[in-house]
Amino acid sequence: AARPTRGSVALSFFQQTSDQGSDASHMMAIREHDLLTKEEELELAADVQMAMRLQRISEELEETSGISPSVGEWASAAGMSYDKLLGLIRKGNKSKDRLLTANLRLG
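Residues numbered from 1 in each chain as written. Predicted model: local features only at pLDDT ≥ 70, side-chain atom pairs only at ≥ 80, totals over all residues. Heavy atoms only, no water.

A.B. asks: What is the right way to look at helix 4 (residues 71–78) in this model?
C.D. replies: Along an α-helix, a turn takes 3.6 residues, which lines up residues three or four apart on a common side. By the burial criterion, the buried members of helix 4 are Val71, Trp74 and Ala75. Buried residues of helix 4 fall within an arc of 95 degrees about the axis and therefore sit on the same side. (Buried < 20%, exposed > 50% of the residue type's maximum accessible area, 1.4 Å probe, protein only. Helix = DSSP H or I, 4+ residues; strand = E, 2+ residues; numbered from the N terminus. Arc of directions from axis to C-beta.)

Below, the structure written as structure tokens:
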């Protein structure tokens, strides 16, 4: 299987498309999620912060070299394995989504 590129694992904080029908169904789905405990919020926030720190490493490598680093180069600069890096980025994305979904219920 092909290895993902850095762009395919980067954090994405906002969806690009929306329409009224999907917005209504999205809001219904949000109401089905439980609110988070303080401990869950802190754990999820730590996951997001870790993913953001890793993202900054990639951005710094790109600024230095002028080209986007491979995931292997990114992992090496972060001092971890390729699989560990991808796992932490994915965990940060899932945690971000869970935080956003839970917090939308508060509005």
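A.B. asks: In this structure, what is going on with the packing of helix 3 (residues 38–65) against helix 5 (residues 82–104)? I would like to understand it.
C.D. replies: For any two helices packed against each other, one specifies the inter-axial angle together with the distance between the axes. Between helix 3 and helix 5, the shortest axis-to-axis distance is 8 Å and the interhelical angle comes to 130 degrees. Here helix 5 runs oblique to helix 3, going by the angle between their axes. Handedness of the helix 3/helix 5 crossing: left-handed. Of the residues in helix 5, those touching helix 3 at Glu40, Glu41, Leu44, Ala45, Asp47, Val48, Met50, Ala51 and Leu54 are Leu85, Leu88, Ile89, Lys91, Gly92, Ser95, Lys96, Arg98 and Leu99. (Axes fitted to C-alpha atoms, helices over the stretch in contact; angles between N-to-C directions. Parallel < 35°, antiparallel > 145°, perpendicular 65-115°, else oblique. Left-handed = near helix turned anticlockwise from the far one by under 90°. Contact = heavy atoms within 4.5 Å.)

A.B. asks: Can you walk me through the nonpolar core in this structure?
C.D. replies: In a soluble, globular protein the nonpolar side chains are often hidden away together inside. Ala51, Leu54, Val71, Trp74, Ala75, Tyr82, Leu85, Leu86, Leu88 and Ile89 together form the largest nonpolar core, which totals ten residues. Of all elements in the fold, only helix 3, helix 4 and helix 5 reach the threshold of two or more residues within this core. Residue contacts for Leu85: discarding those within four places in its chain leaves Leu54, Val71, Trp74, Ala75 and Met80. Core analysis: the second largest hydrophobic core is formed by five residues, Leu44, Val48, Leu99 and Ala102 among them. (Core = buried A, V, L, I, M, F, W, Y, C linked by side-chain atoms within 4.5 Å.)

A.B. asks: Could you clarify how one ought to interpret the packing of helix 4 against helix 5 in this entry?
C.D. replies: It is the contact of helix 4 with helix 5, at a shortest axis distance of 8 Å, that shows an interaxial angle of 90 degrees. On the basis of their axis angle, the class for helix 4 and helix 5 is roughly perpendicular. Across the interface between the two elements, Val71, Gly72, Trp74 and Ala75 of helix 4 pack against Tyr82, Leu85, Leu86 and Ile89 of helix 5. Among the residues making up the contact of helix 4 with helix 5, the classes are represented as seven nonpolar, one polar and no charged. (Nonpolar A, V, L, I, M, F, W, Y, C, P; charged D, E, K, R; others polar.)

A.B. asks: Can you walk me through the pattern of salt bridges in this structure?
C.D. replies: A side chain of one charge can pair with a side chain of the opposite charge if their charged atoms are brought near each other. Going through the model one piece at a time under the given rule, you end up with three salt bridges. Taking the shortest distance from any N to any O, the salt bridge between Glu40 and Arg98 comes out at 3.2 Å. One end of the pair, Glu40, is in helix 3; the other, Arg98, is in helix 5, with 58 residues separating them in the sequence. By relative accessible area, Glu40 is classed as partly exposed at 27%. Here Asp97 and Lys96 are joined by a salt bridge, their closest N and O atoms 2.9 Å apart. (Salt bridge = Lys/Arg side-chain N within 4 Å of Asp/Glu carboxyl O.)

A.B. asks: How should I be thinking about the environment of Met50 in this particular structure?
C.D. replies: As for its placement among the helices and strands, Met50 is situated in helix 3. Here Met50 falls in the partly exposed class, since its relative accessible area comes to 28%. With 39 residues separating them along the chain, Met50 and Ile89 place their C-alpha atoms 8.0 Å apart.

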